[in-house]
Amino acid sequence: MTAMSDSPGVRLTPRLRLEPVSERHADDLLSLYRDPAVAEWFGAWTRPQIEAEAARMARGWRDDGVHKWMAYHRATGELVGRGGLSRATVDGRSRLEIGWVLHRRFWGEGYATEIGRAGLAMAFDELAAGEVVSFTEVHNGRSRAVMERLGFRYEKDFTRDGELFALYVLARDQRAPAG
Ligand SMILES: CC(C)(COP(=O)(O)OP(=O)(O)OC[C@H]1O[C@@H](n2cnc3c(N)ncnc32)[C@H](O)[C@@H]1OP(=O)(O)O)[C@@H](O)C(=O)NCCC(=O)NCCS
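Counting of residues starts from 1 at the beginning of each chain's written sequence and follows it residue by residue. Only residues with pLDDT of at least 70 are given local features in this predicted model, and only at 80 or more are side-chain atom pairs given and counted; all residues enter the totals for whole chains, interfaces and linings. Only heavy atoms go into the side-chain values, all of them from the structure, while hydrogens and water stay out.

For the protein, the name recorded in an unreviewed UniProt entry is GNAT family N-acetyltransferase, with Paractinoplanes globisporus as its organism.

Right, here's the structure in full:
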């Protein structure tokens, strides 16, 4: 279940506080992307690149009304990760895409699935989306497992920037009942 908090745009899940990414999150984004277990998938980021990335996400919120959230632990305030929806060109089409990245110390506790559920609730209940897609490198088993846990169906592999990705789709009418 997702609830709105008193702060504009901020949502609460059972364990997480989700804040729309803005320019002020650049430091936290940098610490996340510099986690070696994350860098293995996302590569090396410089400070200016991260600032541009935070600004791009903030623009997404302003222009499309949707983009990624930073996720903080409600009980401790710690940065857990980032994730959620964005509009992106995936396999040649503009689509609503969902993703997740967690600091290594928070893997294995269901936080990515929790962020994913909040994103799907927003997509289907607020944005009236017909479908949401998710994609990851074909060998990213942990991310594929999150997609499968959320009810996504594997559609196909596709190439992006010379790399092979697995594409998953969740249609509105295939969505698992909330619970
Ligand atoms: C991909 C990534 C976010 C997945 O994180 P994760 O912790 O494996 O996924 P979840 O948060 O959904 O947790 C699932 C695990 O928690 C367990 N779990 C515990 N409580 C749970 C709960 N309430 N709900 C769901 N799972 C729960 C599950 O059994 C599962 O355990 P397992 O890994 O031993 O099978 C993480 O590996 C990551 O940040 N990787 C680097 C960045 C990346 O690759 N991102 C994806 C790019 S497309």
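Caption draft 1: Examining the site of the ligand more closely. We call a residue near a molecule or strand whenever a single non-hydrogen atom of that residue lies within 4 Å of it. Contacts to the ligand come from 19 residues, most closely from Leu102, Gly108, Ala112, Thr113 and Asn140. Polar contacts, as counted here, are pairs of nitrogen or oxygen atoms within 3.5 Å of one another; within protein the pair requires one atom able to donate a hydrogen and one able to accept it, and residues that are adjacent in sequence qualify only if both atoms are side-chain atoms. At 2.9 Å from an oxygen atom of the ligand is found a main-chain nitrogen or oxygen belonging to tyrosine 111. Here an oxygen atom of the ligand and a side-chain polar atom of arginine 149 are 2.8 Å apart. What sets the accessible areas is the Shrake-Rupley method with a 1.4 Å probe; for residues, cover comes only from the shown protein chains. Contact with the protein chains hides 72% of the accessible area of the ligand, taken as 940 Å² for the molecule alone. Contributing elements (two or more residues each) for the shell around the ligand: helix H2 (36-42), strand E6 (93-102), helix H4 (111-126), strand E7 (131-137) and helix H5 (141-149). Strands are runs of DSSP state E lasting at least 2 residues, helices are runs of H or I lasting at least 4, and numbering of each runs from the N terminus. Here the shell around the ligand gets four residues from one element, more than from any other, and that element is H5. Asp, Glu, Lys and Arg are counted as charged, while Ala, Val, Leu, Ile, Met, Phe, Trp, Tyr, Cys and Pro are counted as nonpolar; the rest, among them Gly, fall into the polar class. In terms of residue class, the shell around the ligand is built from ten nonpolar, six polar and three charged.

Caption draft 2: Here's a closer look at the pairing of strand E8 (residues 153-160). The pairing criterion is simple: DSSP has to find at least two bridges between the two strands. Here E8 pairs with strand E9 (residues 163-171) via seven bridges, running antiparallel. Each bridged residue has a counterpart across the sheet, and for arginine 160 the counterpart in E9 is glutamate 163. Linking two consecutive strands that pair antiparallel, namely E8 and E9, is a turn of two residues; a positive phi of about 50° is found at aspartate 161 within it.

Caption draft 3: Highlighting helix H1 (residues 26-33). Think of it in three bands: residues with accessible area under 20% of the maximum for their type are buried, residues over 50% are exposed, and the middle band is partly exposed, with areas taken using a 1.4 Å probe on protein chains only. Among the residues making up H1, those that are buried are Ala26, Leu29, Leu30, Leu32 and Tyr33. Buried residues along H1 cover an arc of 160° about the axis, so they all sit on one side. Every residue pair with non-hydrogen atoms within 4.5 Å of one another is taken to be in contact. Where H1 is buried, its residues meet H2, helix H3 (47-64), strand E4 (69-73), strand E5 (79-90) and E6. What the arc describes is the spread of directions from the helix axis to the C-beta atoms.

Caption draft 4: Just the pattern of salt bridges, in detail. Salt bridge criterion: a side-chain nitrogen from Lys or Arg within 4 Å of a carboxyl oxygen from Asp or Glu. For the structure on display, the rule yields 14 salt bridges. Arginine 17 serves as the salt-bridge partner of glutamate 19, at 2.9 Å between the closest nitrogen and oxygen. Relative accessible area serves as the criterion here: at 28%, arginine 17 is assigned to the partly exposed category. Between arginine 47 and glutamate 51 there is a salt bridge whose closest N-O contact spans 2.9 Å. One end of the pair is arginine 47 and the other is glutamate 51, both in helix H3 and four residues apart, which spans about a single turn.

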